[in-house]
Amino acid sequence: MSIPPKKAKTPRFRGEVEIVEFYPDPKKGFVGTMHIYLPEFLMDVRGILVLRYRGKYFFKLPQNKGTDENGKVSYYPILSFSDPIRWKMIIRFLQQEGPAYVDNILKEKGLGK
């Protein structure tokens, strides 16, 4: 009989994190949601679901489902920049550079027009 390997511990986050607010909402079947700020990246993370089960708190980052480079389903966190100008700069970049890049990849894979 073999002993199963121990589960690897998740490394601690070394960056700075500020808790901005907690929004209680016990009517929805969970404790509430939380908003944190990551100053190093100038990013806000909102809508962190806070659950409580058997006296212990659990936190779930807001996420969306997508496809990774291997075509497998993957979950990605939803983030927002706290600086609206930075957000607009990224969107503008994507609008300018994104279509050609996407068309090129689709063409390479035989999926384009």
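Data block above holds the structure.
The rules we used
- Every chain is numbered on its own, with residues counted from 1 as its sequence reads.
- With pLDDT at 70 or above as the cut-off, local features in this predicted model cover only qualifying residues; side-chain atom pairs require 80 or more to be listed or tallied, and sums for whole chains, interfaces and linings still use all residues.
- Only hydrogens and water are removed before side-chain values are computed, so all heavy atoms of the structure are retained for them.
- Note that patches include only residues with greater than 30% relative accessible area and no salt bridge, and the join distances are 9 Å for like charges and 5 Å for nonpolar side chains (Val, Leu, Ile, Met, Phe, Trp, Tyr).
- Here, Shrake-Rupley sampling with a 1.4 Å probe gives the accessible areas, and only protein chains in the shown set may cover a residue.
- The salt bridge criterion pairs a side-chain nitrogen of Lys or Arg with a carboxyl oxygen of Asp or Glu, the two atoms within 4 Å.
- By definition, any uninterrupted DSSP run of H or I lasting at least four residues is a helix, any uninterrupted run of E lasting at least two residues is a strand, and each is numbered from the N terminus.
- In these notes, a set of buried Ala, Val, Leu, Ile, Met, Phe, Trp, Tyr and Cys residues joined through side-chain atoms within 4.5 Å is what counts as a nonpolar core.
- Each residue's exposure class comes from its accessible area (1.4 Å probe, protein chains only) as a fraction of the maximum for that residue type: buried when under 20%, exposed when over 50%, partly exposed otherwise.
- Whether two residues are in contact is decided by their heavy atoms: any pair within 4.5 Å suffices.
- Note: two strands are recorded as paired if DSSP finds a minimum of 2 bridges between them.
- Here Asp and Glu are counted as negative and Lys and Arg as positive; His is not counted, and neither are the chain ends.
- By the criterion applied in these results, polar contacts are pairs of N or O atoms within 3.5 Å in which, for protein atoms, one can donate a hydrogen and the other can accept it, and in which residues neighboring in sequence qualify only through two side-chain atoms.

Caption draft 1: Looking closely at a nonpolar patch on the surface. A surface patch of nonpolar side chains, amounting to about 460 Å² of accessible area, comprises Trp87, Ile90, Ile91, Phe93 and Leu94. Structurally, Trp87 can be placed in helix 1 (residues 84-108).

Caption draft 2: Up close: the nonpolar core. Counting residues in hydrophobic clusters, the biggest one holds six residues: Met34, Ile36, Leu38, Val45, Ile48 and Val50. Residue assignment for this core shows that the elements contributing at least two residues are strand 2 (32-38) and strand 3 (43-53). Leaving out residues up to four positions away in the same chain, Met34 has contacts with Ile19, Glu21, Phe22, Val45, Arg46, Gly47, Ile48, Val50 and Phe59.

Caption draft 3: Geometry of the pairing of strand 3. Both strand 2 and strand 3 contribute to a ladder of six bridges, which runs antiparallel. The partner of Gly32 across the bridge, within strand 3, is Val50. Taken together, strand 2 and the strand that follows it, strand 3, pair antiparallel across an intervening segment of four residues, in which Leu42 is found at a positive phi of about 55°. Judged from the two bridges that link them, strand 3 and strand 7 (residues 80-81) form a sheet pairing that is antiparallel. Note on strand 7: the bridge partner recorded for Asp44 is Ser80. In this sheet, strand 4 (residues 56-60) lies alongside strand 3 in antiparallel orientation, the contact comprising five bridges. Considered in strand 4, the bridge of Val50 is made with Phe59. The hairpin turn running from strand 3 into strand 4, its antiparallel successor, is two residues long, and Arg54 in that turn takes a positive phi close to 50°.

Caption draft 4: Region of the structure containing the side chain of Asp44. With respect to the secondary-structure elements, Asp44 resides in strand 3. Within the buried set, Asp44 has no salt-bridge partner at all; the shortest N-O distance to an opposite charge, 4.1 Å, is to Arg46. Of note is the side chain of Asp44, whose polar atom sits 2.8 Å from the side chain of His35. Once you skip the residues sitting within four places of it in the chain, Asp44 turns out to touch His35, Ile36, Tyr37, Leu79, Ser80, Phe81 and Ser82.

Caption draft 5: Highlighting the environment of Arg52. By the element assignment, Arg52 lies in strand 3. In this structure Arg52 touches Val31 and Tyr57, once residues within four positions along its chain are discounted. Within polar-contact distance, the side chain of Arg52 engages the side chain of Tyr57 at 3.0 Å.

Caption draft 6: Representation of the pairing of strand 2. The element strand 2 is largely enclosed, with a buried count of six among its seven residues. Examined bridge by bridge, strand 1 (residues 18-24) and strand 2 share six bridges and lie antiparallel to one another. Bridge pairing in strand 2 places Phe22 opposite Met34.

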